[in-house]
Amino acid sequence: MNHLTTNGEAGMSLHKQKEKLPLEGFNGRGGNSVLDGNNGRSCYENCGEKDIAGSSSSQPDVVCKKAWQHKEMTFQDMYENQNLIDDDDDDDDSDWEPLQKVVKWFCTNCTMVNFDDIVHCDVCGEHKESGILRHGYFAPPLLQDANLTVSEMETKERHEGFFHAMLLVYDDAFGWKPDDVLIEIRWMSAAAYNGINGTSQNSALSSSTAIGFDERMLLHSEVEMKSHPHPERPDRLRAIAASLARAGIYPGRCYPITAREITKEELLMVHSLEHIEAVELTSKIFASYFTPDTYANGHSACAARLAAGLCADLASAIVSGRVKNGFALVRPPGHHAGVKQAMGFCLHNNAAVAALAAQASGSRKVLILDWDVHHGNGTQEIFKQNKSVLYISLHRHEGGKFYPGTGAADEVGTMGAEGYCVNVPWSRRGVGDNDYVFAFQNVVLPIAKEFAPDLTIISAGFDAARGDPLGCCDVSPAGYATMTEMLNDLSGGKLLVILEGGYNLRSISSSATAVIKVLLGESPECELQNVLPSKSGLQTVLEVVKIQMNYWPTLGSSFAKLQLQWGMYSLENKSEDLSL
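Residues numbered from 1 in each chain as written. Predicted model: local features only at pLDDT ≥ 70, side-chain atom pairs only at ≥ 80, totals over all residues. Heavy atoms only, no water.

### Brief notes about the sheet that holds strand β11 (residues 366-370)
Part 1 of the argument: With parallel pairing, the eight strands of this open sheet are ordered in space as β7-β6-β10-β15-β14-β11-β12-β13. The sheet is open, and its two borders are formed by β7 (255-256) and β13 (421-426), each paired with just one other strand. (Pairing = 2+ DSSP bridges. Helix = DSSP H or I, 4+ residues; strand = E, 2+ residues; numbered from the N terminus.)

Below you can see the structure in the form of structure tokens.
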């Protein structure tokens, strides 16, 4: 049941369901998403690399200069104790000391707070006035925005006579509204921009990559910032859009589909009437929350309908052959939204809507591959009894301590659909390309090929990317590109990628661009071959294969090979112990 509140204290707060899920930290990604195991430290202390994250935006605020407090406080502390950092310290008897005031600013890329006496983010290293929102990940991370002109942003001819230029006008005072966006497209072929009649148009579209995007989804935002900017913010789409424009991909090489709002009848195939009405109610409320981290404003219901509608129409277009594949550049995300509840930043389950739309258009079997760093508990709930939809998720789990706590390897589906939920639950932070590709080789692809889907949907959260403040993993853009290419051979190339999470703007935009390049037919810039997993990664994959081979006989040969590999690891460890 959804409980909507207007004061940030949601009736369905995960803080109040400790017996079901681990403690929810700031922004709904609780447990180890903000805390490092049991040591109470923020994952920012050890996660990512200084040169990989994003830009900065100035939001002046006067606070007491206690930098040590900010270093030791977790996201959860800052969210739950907004007044913890006060101008006055009643316990401090040093009244004779003058009150020192400083200005703070929040990094646009990673949202972390910094003091005004530094120009580079203390967490990600991005310049305070970086141009990532104007130029995407092409903006130099360590330099101030160069303020390039439109003519300087124009690219050379890239694909069948396409040229483009895109200027993203960002108003620091009021934010980016649809009217602020100027898109100038020059010398674009009539076939791509206006469309042409006859066979040539159909042929061009059937071999094209479609993009689903609508500026109205930028209007979904948290009305009142708490102690920290919310990580699921409109800048996520802005940074990706700027990167695609700068790369000459969109507008340019991809086909834009017309946005529409999903209908109530379509949503009822996935969600309960109560859930749908609860989301719709937010359009009449200035600011509201489903959980302490899952916000809504007056535009959120429309944004959620647009996101779901774009995903449904992309799926239908791909299945019917009108386009080759597609990328849904949408928000709010969806894979935590279940039948009856909105949670984890998610309002409607976009991937589930797309899967059912695909089946309505003729697909018998649909694969949903979820590589978001958090388990898609909503998607699993929706399809756990459905043998026509195979759900495979790779995510941090850590024995249920990582948000949302679901997704253990033994969660395999129910009511005759056992084996149609496949969970690869990583046991630690920092998981990178090798472990992900190894899991694809030994779990994802063997099962997916035996399932033989008519359409493959990727729930593409990029919060396992290197530098992400919540995921704290180490997947590179080349890693995401490689996984996309591996899935591209399934379903005859019918592939839909749907944006889920990802909160480092530089990481999310570079990763999304790398994935779309694969959709366009390019090979990954860095080939990942002969990968060797970590010991913990091998152990996880071995555990999953042992469980899933009961339902997928094709895994039998892999299990013997993995056992042999595990034995070699054990022998190496014994040799090391003896040498010590």
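### A short note on the confidence of the model for the chain
Part 1 of the argument: Here the chain averages 79 in pLDDT, while 71% of its residues score no lower than 70.
Part 2 of the argument: Taken element by element, the chain is modelled with least confidence in strand β5 (residues 181-184), mean pLDDT 32, and with most confidence in β11, mean pLDDT 99.
Part 3 of the argument: Here residues 8-96 is a poorly scored stretch, pLDDT under 50, and it has 238 contacts once near neighbours within four places are set aside; other chains count. (pLDDT = per-residue confidence, 0-100. Contact = heavy atoms within 4.5 Å.)

### A few points about the packing of helix α11 (residues 300-320) against helix α12 (residues 350-360)
Part 1 of the argument: Viewed as axis vectors pointing N to C, α11 and α12 meet at an angle of 35°, and their least axial separation amounts to 8 Å. The hand of the α11/α12 crossing is right-handed. Together, Ala304, Ala307, Ala308, Cys311, Ala312, Ala315, Ser316 and Val319 of α11 and Asn350, Val353, Ala354, Ala357 and Ala358 of α12 make up the contact between the two elements.
Part 2 of the argument: Here the contact of α11 with α12 is composed, by residue class, of 11 nonpolar, two polar and no charged. (Axes fitted to C-alpha atoms, helices over the stretch in contact; angles between N-to-C directions. Left-handed = near helix turned anticlockwise from the far one by under 90°. Nonpolar A, V, L, I, M, F, W, Y, C, P; charged D, E, K, R; others polar.)

### Observations regarding unusual backbone geometry
Part 1 of the argument: Across the junction of Arg331 and Pro332, the peptide omega takes the value 0°, indicating a cis bond.
Part 2 of the argument: Tracing the backbone shows Pro332 in the loop between β10 (325-328) and α12.
Part 3 of the argument: Cis rather than trans, the peptide bond between Tyr403 and Pro404 has omega equal to 0°.
Part 4 of the argument: Residue placement: Pro404 occurs in the loop between β12 (389-396) and β13.
Part 5 of the argument: Positive phi, close to 55°, is recorded for Glu398, a residue that is not glycine.
Part 6 of the argument: In this fold, Glu398 is placed in the loop between β12 and β13.
Part 7 of the argument: Under the relative-accessibility criterion, Glu398 is labelled buried at 13%.
Part 8 of the argument: Backbone geometry at Ala452 places phi at a positive 55°, although glycine is not the residue there.
Part 9 of the argument: Its location among the elements puts Ala452 in the loop between α14 (433-451) and β14 (455-460). (Buried < 20%, exposed > 50% of the residue type's maximum accessible area, 1.4 Å probe, protein only.)

### Some thoughts on the nonpolar core
Part 1 of the argument: Counting residues in hydrophobic clusters, the biggest one holds 111 residues, and the most contacted among them are Phe327, Trp371, Ile457 and Phe462.
Part 2 of the argument: Apart from residues no more than four positions distant in its own chain, Ile457 is found in contact with Ala351, Ala354, Ala355, Val366, Leu367, Ile368, Leu369, Leu496 and Ile498. (Core = buried A, V, L, I, M, F, W, Y, C linked by side-chain atoms within 4.5 Å.)

### Quick look at the packing of α14 against helix α17 (residues 535-548)
Part 1 of the argument: The contact between α14 and α17 brings their axes to 9 Å, and the two run at 10°. Between α14 and α17, the angle falls in the class roughly parallel. Judged by residue contacts, Asp435, Phe438, Ala439, Asn442, Val443 and Ile447 of α14 engage Gly537, Leu538, Val541, Val544, Val545 and Gln548 from α17.
Part 2 of the argument: Here the residues of the contact of α14 with α17 are counted per class, giving eight nonpolar, three polar and one charged. (Parallel < 35°, antiparallel > 145°, perpendicular 65-115°, else oblique.)

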